[in-house]
There are 2 protein chains.
Amino acid sequence: MSGSLYGAVEAGGTKFITMVASGPDHIAEQARFDTATPEVVIPQVVDFFRQAEAQHGKLRGVGVGSFGPVDLDPQSPTFGYITATPKAGWSNTDLVGPLRQALDVPVAFDTDVNAAAVGEHRWGAAQGLDTFIYMTIGTGIGGGGMIGGRLMHGLIHPEMGHMRLPRNAEVDPFAGACPFHGDCLEGLASGPAIEKRWGTSAKQLGEDHQAWQLQADYLSLAVVNLVCTLSPQRVILGGGVMHQQFLLPMIRERTLKLLNNYVQSPAILDHIDSFIVTPGLGDKAGILGSLALALD
Amino acid sequence: MSGSLYGAVEAGGTKFITMVASGPDHIAEQARFDTATPEVVIPQVVDFFRQAEAQHGKLRGVGVGSFGPVDLDPQSPTFGYITATPKAGWSNTDLVGPLRQALDVPVAFDTDVNAAAVGEHRWGAAQGLDTFIYMTIGTGIGGGGMIGGRLMHGLIHPEMGHMRLPRNAEVDPFAGACPFHGDCLEGLASGPAIEKRWGTSAKQLGEDHQAWQLQADYLSLAVVNLVCTLSPQRVILGGGVMHQQFLLPMIRERTLKLLNNYVQSPAILDHIDSFIVTPGLGDKAGILGSLALALD
């Protein structure tokens, strides 16, 4: 595989995953590291790539998909940084610089969710589409995607987890878990929000627990808002919470009810099962997406 | 001006505005027609352009910005149509075909709000930006804009007026005026929604009426959701309801409160007055935008 190998980093709030590969079916090396401090993790990542290069030859580039907020503006002096994150020790951390310096390769950089979107576009559930959303529902909720064939950036980058949704306080008196906004989408429907509301982790709630209809309601409202705002050709829902496989059909059904035939596209009305989907790359969407960033 | 003249049509639910011009400062002809039936209005529009051509010479192209939903897919057999509109008589109406046939010129076609966005980008409040939103708040609420320098299209086109927002039923027991969704953004904050809630038209409500804080709340929630979903560099709010000039500063203030310093961009935190603005072209954003569509 020498000569066509790329590096990939999925920089998450809990763990960093690294990979050296030429494609999803040609993976040379893979590792994971706890997201300790930048002083610990970044050298571990650099070492991983150096060892891989010693064994397999020079990398042609590295792609990094990171938790945020991040600076994506190539003109900015802090391009490639994680900026004002509440995660202790990580505020104002240069991710791209150390990799570029140590490895002397081009480094592509984007949000974790945009990276996953690129991976899904190249190898997964968004092949051939030019306008679609990838949203992850796990420890946090975030979203990215492509609009008109280009990754979503804008002023900074989307923070889809923080959109505001209707909450019926009689049905759901839980005031939300987001330290910034209370009952925004992430505050209502992330894994920790579910756990805080019901006093037990999402995994332990049975399929018939009322938690899931509420969860489907909030995620459907989010999908409806994405449909109304962006008119995507497809919405991909990933992340740990979506491992509950009964959730996806509930979200599809509820989304159709909420849209109430207003958006008259056969892609929605007749093919909801291929309109709202889980990632084609499964839990590898993030790391393979970072690889796809490097390949692009 | 002969030789560089373009035609423009702003196709609205109440009136059609037509123009022949080479730019905002060089307008040769302008007219308006009631939105009667297609059989009445379309020939009026064709006649307007024919007379203008007889006087000023051949048009180089025509731009049409239309109320929706519309078919924007150039590959579709119904490209250039108004599709499933609830407006009586207008469902499945070919707007582009008759103009192209009668005038034998290229016809550019988009939503009214995307047209306004193009106009604002060329001559108004969005010059030099590549990611921004134009939202109109009037008889209905709609939004469009550019993402990464390209007009927002996607599966169909955005229907931003139909996003769902939190409503505190104790503060606002009004269940909303949207026939499809009840209390979506348009159902809560369009001109007719205000009138239905308070029993009098928006224009007659004094500046100190509680209607306006509620209105600012809903429009701020919409702006927050746009910021979280799209990360625009600017949000332009137009339409009749925004003629209430005290509303804009209320929306800016409330948006900052709702975001609660989460999106740490100086463009928002330090320059909210240039982040949320009214159209640089005022009420001419629509028709000049249609002209800009033709020029592009």
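Residues numbered from 1 in each chain as written. Chains lettered and ligands numbered in written order. Predicted model: local features only at pLDDT ≥ 70, side-chain atom pairs only at ≥ 80, totals over all residues. Heavy atoms only, no water.

**Remarks on helix α3 (residues 112-123) of chain B**
Defined as follows: Numbered from the N terminus, helices here are DSSP runs of H or I no shorter than four residues, and strands are runs of E no shorter than two. Here the expected length of a helix is defined as 1.5 Å per residue gap, with one fewer gap than residues. Burial classification: accessible surface area is computed with a 1.4 Å probe over protein chains only, and a residue below 20% of its type maximum counts as buried, one above 50% as exposed, and the rest as partly exposed.
Taking 1.5 Å per residue, twelve residues should reach 16 Å; α3(B) reaches 16 Å between its end C-alpha atoms and fits that length. Among the residues making up α3(B), those that are buried are V113(B), N114(B), A115(B), A116(B), A117(B), V118(B), G119(B) and E120(B).

**Considerations on unusual backbone geometry**
Going from G68(A) to P69(A), the amide bond is cis rather than trans, its omega being 0 degrees. Looking at the element boundaries, P69(A) is found in the loop between β4 (62-66) and β5 (81-82). The phi torsion at S231(B) lies on the positive side, around 50 degrees, for a residue other than glycine. Relative to the assigned elements, S231(B) resides in the loop between α6 (211-230) and β11 (234-238). Relative accessible area serves as the criterion here: at 3%, S231(B) is assigned to the buried category.

**Concerning the sheet that holds strand β1 (residues 6-11) of chain B**
Residues and elements named next belong to chain B. Cut-off, in case you're wondering: DSSP bridges decide pairing: two strands pair if at least two such bridges lie between them. For helices, the axis comes from a line fit to the C-alpha atoms of the stretch in contact; other axes are also lines fit to C-alpha atoms, and the angle between any two N-to-C directions lies between 0 and 180 degrees.
Ordered by their spatial adjacency, five strands build an open sheet running β3-β2-β1-β4-β7, and the pairing between neighbours is mixed. In the strand order of this sheet, the two ends are held by β3 (26-34) and β7 (107-111), each with one partner. Here the strands of the sheet are splayed against their neighbours by 15 degrees on average, with no regard to which way each runs. Examined bridge by bridge, strand β4 (residues 62-66) and β7 share five bridges and lie parallel to one another.

**Considering the state of the cysteines**
Applicable threshold: Cysteine sulfur atoms are paired as a disulfide whenever they come within 2.5 Å of each other.
Per the stated rule, a full pass over the model turns up zero disulfides over all chains. Note on C184(A): no disulfide assigned, nearest cysteine sulfur contributed by C178(A) at a separation of 3.7 Å. Looking at the unpaired C228(B), the closest cysteine sulfur is the one in C184(A), lying at 7.7 Å. Relative accessible area serves as the criterion here: at 1%, C228(B) is assigned to the buried category.

**Some thoughts on the relation of the copies chain B and chain A**
Just so we agree on the cut-off: In this comparison the copies share one frame, found by least squares on the C-alpha atoms of residues holding pLDDT of at least 70 in both. We call two residues in contact whenever any of their non-hydrogen atoms come within 4.5 Å of each other.
Expressed as a screw operation, the relation of chain B to chain A combines 0.0 Å of axial shift with a rotation of 180 degrees, fitting to an RMSD of 0.0 Å. Such a turn and shift between the copies fits a two-fold axis. For chain B, the minimum C-alpha distance to the rotation axis belongs to P166(B) and amounts to 1.9 Å. A share of 100% of the interface residues of chain B reappears at the interface of chain A, consistent with the copies meeting face to face through the same patch.

**As for the domain arrangement of chain A**
A common way to report how large an interface is uses the accessible area buried once the components associate. Residues and elements named next belong to chain A. Threshold: By convention here, the domain bounds are inherited from an automatic or database domain assignment. In this description, buried area is defined as the sum, over both parts, of the accessible area (probe of 1.4 Å) that is lost when the two are combined. The salt bridge definition used is simple: a Lys or Arg side-chain nitrogen within 4 Å of an Asp or Glu carboxyl oxygen. Here a polar contact is taken to be a pair of N or O atoms separated by no more than 3.5 Å, where protein atoms must pair a possible hydrogen donor with a possible acceptor and residues adjacent in sequence count only if both atoms sit in side chains.
Each assigned domain of chain A is listed here: domain 1 (6-114 + 284-295) and domain 2 (125-278). When each unit is reduced to the centre of its C-alpha atoms, the spacing between domain 1 and domain 2 is 27 Å. At the junction of the two partners, domain 1 supplies nine residues and domain 2 supplies twelve residues. Between domain 1 and domain 2, roughly 830 Å² of surface is buried when both sides are summed, and carbon and sulfur atoms account for 63% of that area. Looking at the side of domain 1 facing domain 2, the largest losses of area belong to L72, V113 and N114, adding up to 58% of the total buried there. In this assembly, domain 1 and domain 2 are joined by zero salt bridges. Viewed at the interface, domain 2 and domain 1 are joined by four residue pairs in polar contact (both at pLDDT 80 or more).

**What to know about the environment of I133(B)**
In this structure, I133(B) sits in strand β8 (residues 132-137). Its relative accessible area of 0% is what places I133(B) among the buried residues.

**Some details on the side chain of Q244(A)**
Within the element layout of this structure, Q244(A) appears in the loop between β11 (234-238) and α7 (247-259). Apart from residues lying up to four places away in sequence, Q244(A) is in contact with A202(A), K203(A) and W212(A).

**As for the interface of chain B and chain A**
Across the boundary between the two partners, chain B contributes 41 residues, which contact 42 residues of chain A. Of the roughly 3600 Å² buried between chain B and chain A on both sides combined, carbon and sulfur atoms contribute 62%. Summed over the shared surface of chain B and chain A, the result is zero salt bridges. Taken together, the connections running from chain B to chain A amount to 24 residue pairs in polar contact (both at pLDDT 80 or more). Every element with two or more residues in the side of chain B that touches chain A is listed here: α6, α7 (247-259) and α8 (266-269) of chain B. Ranked by the residues each element gives to the side of chain B that touches chain A, the list is headed by α6(B), at seven residues.

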